[in-house]
Amino acid sequence: MDNTIEQKVYNGEYILEVNNLKKYFVIKKSLFGKPEAYLKAVDNVSFKVKTGTTIGVVGESGCGKTTLGRTILKLYDSDGGQIIFEGEDITNISRKEMSKYRTDIQLIFQDPYSSLPPRMTVGNIIAEAVRIHKIVPKDEVHSYVLEIMKKCGLQPQHYDRYPHEFSGGQRQRICIARALAVNPRLVICDEPVSALDVSIQAQIINLLKDLQNKMNLTYVFISHDLSVVKYITDQILVMYLGNMMELGETDEIFDNPLHPYTKALFSAVPVPDPDYKMKRIILEGDIPSPANPPKGCKFHTRCSQCMNVCKVHEPSYHEAKPGHFVACHLYDEEIMANLQKYDEEYAEIEKKRAEEEAEKKRLADLKKAKSLLNIFKGNKADEKAEQPAETDVSDKDGE
């Protein structure tokens, strides 16, 4: 019996559009529960993904990659911006309305060990969503699941086994089969190969590419491994502390990275040539706290090309080349033509800051001096109170 279901067709050019997306987490509240401080995990991120292509999201740990993926999937509610899927704005729709999109957008988790329920067999894990969303009639579920397992490199005898009986690579194949069983259009891959050995990574990546070609899938591929990203993606989004640093076609960004942060990231990619000397760019300092990021460009504290304007003004996004966007003042013609003006502005800000610090120091010293004076006066008063008692004792001794 042929259980192949008809592929959903979207005729628009972009299956996913993200415009100025924001996701903030409250980290401090007032006594009455009013938010006072936020962690800006995703801040003004924008990109578009064409149907059947893959966008890679890269960056250091804590830059907001996973939060971005989960916000697109609406596991987190966004705090601003817009998510458009297949021409429909799904940003503020209710949980009930979102249920019809759950089969269209799926997630492959990072850890294949903890993302599978240990008390369910592989067949039931994959079939669960098929039954809930009524992908195929009840009497065809078993054969349909076997067909999905075959596509993902799993054998029929695996149907009645439990997750603990499989290796890491096989478990990730189960996760992929579970995601593809509901016939999705968009799959968010949250570091799907980071927990696997290198040889197994290659098998999973090739499987994802093969399934993409067969099922016309679109991927949002989150990863730390830039070599994997170069192999599987069509475009790359570079993130740092919740912000988009650079966006462009994969080959263009690898051949011509523009942002200093992107250059540093890509300089760490190993080259399989013993005679090639790598020009590694070492970033100094630690990543600033996302709860208290620096003013201006968030990367300026670690940037070797930092200018005074970077410490004051946040850079805007510029299309340096067709389809190649970068958030850096080095590529802003207006900024670069008026550097002296911004240097003067920064000098004025620093002067005010120095004056404020001096005034704070003066007030602190004055407060400390008053405190010492009060202590001294208190000691004097205690001495005077004790003197009459000493005189009385001496008088009695005289008598």
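The structure contained in this document is the topic of the report that follows.

Rules used throughout
Residues numbered from 1 in each chain as written. Predicted model: local features only at pLDDT ≥ 70, side-chain atom pairs only at ≥ 80, totals over all residues. Heavy atoms only, no water. Phe/Tyr/Trp six-rings, centres within 6.5 Å; stacked < 30°, edge-to-face > 60°. Helix = DSSP H or I, 4+ residues; strand = E, 2+ residues; numbered from the N terminus. Buried < 20%, exposed > 50% of the residue type's maximum accessible area, 1.4 Å probe, protein only. Lys NZ or Arg CZ within 6 Å of the ring centre and 35° of its normal. Axes fitted to C-alpha atoms, helices over the stretch in contact; angles between N-to-C directions. Parallel < 35°, antiparallel > 145°, perpendicular 65-115°, else oblique. Left-handed = near helix turned anticlockwise from the far one by under 90°. Contact = heavy atoms within 4.5 Å. Nonpolar A, V, L, I, M, F, W, Y, C, P; charged D, E, K, R; others polar. Patch = residues over 30% accessible without salt bridge, like charges linked within 9 Å, V, L, I, M, F, W, Y side chains within 5 Å. Areas by Shrake-Rupley, 256 points an atom, 1.4 Å probe, with all protein chains shown as cover. Salt bridge = Lys/Arg side-chain N within 4 Å of Asp/Glu carboxyl O. Lys, Arg positive; Asp, Glu negative; His and termini not counted. Charge placed at Lys NZ, Arg CZ, Asp CG, Glu CD. Polar contact = N/O pair within 3.5 Å; in protein donor to acceptor, adjacent residues only side chain to side chain. Pairing = 2+ DSSP bridges.

## Structural notes on the packing of aromatic side chains
Inference 1: The full count for this structure, using the stated rule, is seven aromatic pairs.
Inference 2: With 5.2 Å between their ring centres and 85° between their planes, Tyr 240 and Phe 299 make a pair best called edge-to-face. Of this pair, Tyr 240 sits in strand β9 (residues 235–240) while Phe 299 sits in the loop between α9 (260–266) and β11 (317–321); the two residues are 59 residues apart in sequence, bridging distant segments of the chain.
Inference 3: On the accessibility criterion, Phe 299 (1% relative accessible area) is buried.
Inference 4: Every member of this aromatic cluster is reached through a ring pair, and the members are Tyr 240, Tyr 261 and Phe 299.
Inference 5: When the ring centre of Phe 25 is taken as origin, the NZ or CZ atom of Lys 23, which lies over that ring, is 5.1 Å away.

## Here we look at the packing of helix α3 (residues 122–132) against helix α4 (residues 141–151)
Inference 1: Where α3 contacts α4, the axes come no closer than 10 Å and their chain directions differ by 115°. Comparing their axes, α4 and α3 come out roughly perpendicular. Here α3 runs over α4; the crossing is right-handed. Contacts between α3 and α4 involve Val 122, Gly 123, Ile 126, Ala 127, Val 130 and Arg 131 from the former and Val 141, Tyr 144, Val 145 and Met 149 from the latter.
Inference 2: In terms of residue class, the contact of α3 with α4 is built from eight nonpolar, one polar and one charged.

## Things to note about unusual backbone geometry
Inference 1: For Asn 183, which is not a glycine, the phi torsion comes out positive at approximately 60°.
Inference 2: For Asn 183, the location among the structural elements is in the loop between α5 (168–180) and β7 (186–190).
Inference 3: Judged by relative accessible area, which is 4%, Asn 183 ranks as buried.
Inference 4: Of note, Leu 241 is a non-glycine position whose phi angle comes to about 50°, a positive value.
Inference 5: Inspection of the secondary structure puts Leu 241 in the loop between β9 and β10 (243–249).

## Notes on a negative patch on the surface
Inference 1: A surface patch of like charges, here negative, comprises Asp 234, Glu 249, Asp 251 and Asp 255.
Inference 2: Here Asp 251 lies in helix α8 (residues 250–255).

## Some words on the side chain of His 259
Inference 1: Tracing the chain through its elements places His 259 in the loop between α8 and α9.
Inference 2: Not counting chain neighbours up to four residues away, the residues in contact with His 259 comprise Met 245, Glu 246, Phe 299, Val 326, Ala 327 and Cys 328.

## A look at the pattern of salt bridges
Inference 1: Counted according to the given criterion, the structure contains ten salt bridges.
Inference 2: For Asp 79, the salt bridge is made with Lys 23, and the minimal N-O distance between the two is 3.8 Å. Separated by 56 residues along the polypeptide, Asp 79 in the loop between α1 (65–72) and β4 (80–85) and Lys 23 in strand β1 (residues 14–29) bring together distant segments of the chain.
Inference 3: Accessibility expressed as a relative area gives 10% for Lys 23, which makes it buried.
Inference 4: Between Lys 214 and Asp 210 there is a salt bridge, with its nearest N and O atoms 3.3 Å apart. With Lys 214 and Asp 210 both in helix α6 (residues 198–215), this residue pair falls four residues apart, about one helical turn.
Inference 5: You can call Asp 210 partly exposed: its relative accessible area is 32%.

## Looking at the side chain of Lys 298
Inference 1: Here Lys 298 shows up in the loop between α9 and β11.
Inference 2: The side chain of Lys 298 sits in the buried core without any salt bridge; Asp 43 is the nearest counter-charge, 4.1 Å away.
Inference 3: A distance of 3.0 Å separates the side chain of Lys 298 from the backbone oxygen of Leu 241, its partner in a polar contact.
Inference 4: Within polar-contact distance, the side chain of Lys 298 engages the side chain of Asn 243 at 2.8 Å.
Inference 5: Leaving out residues up to four positions away in the same chain, Lys 298 has contacts with Asp 43, Tyr 240, Leu 241, Asn 243, Pro 288 and Pro 293.

## Regarding the sheet that holds β11
Inference 1: Here eight strands make up an open sheet; going across it, the order is β6-β7-β8-β3-β9-β10-β12-β11 and the pairing mixed. Each of the sheet's edge strands pairs with one partner strand only, and the pair in question is β6 (105–108) and β11. This sheet shows a mean twist of 20° between the axes of neighbouring strands, independent of strand direction.
Inference 2: Examined bridge by bridge, β11 and strand β12 (residues 324–327) share four bridges and lie antiparallel to one another. Looking at the pairing, Tyr 317 lines up with Ala 327 of β12.

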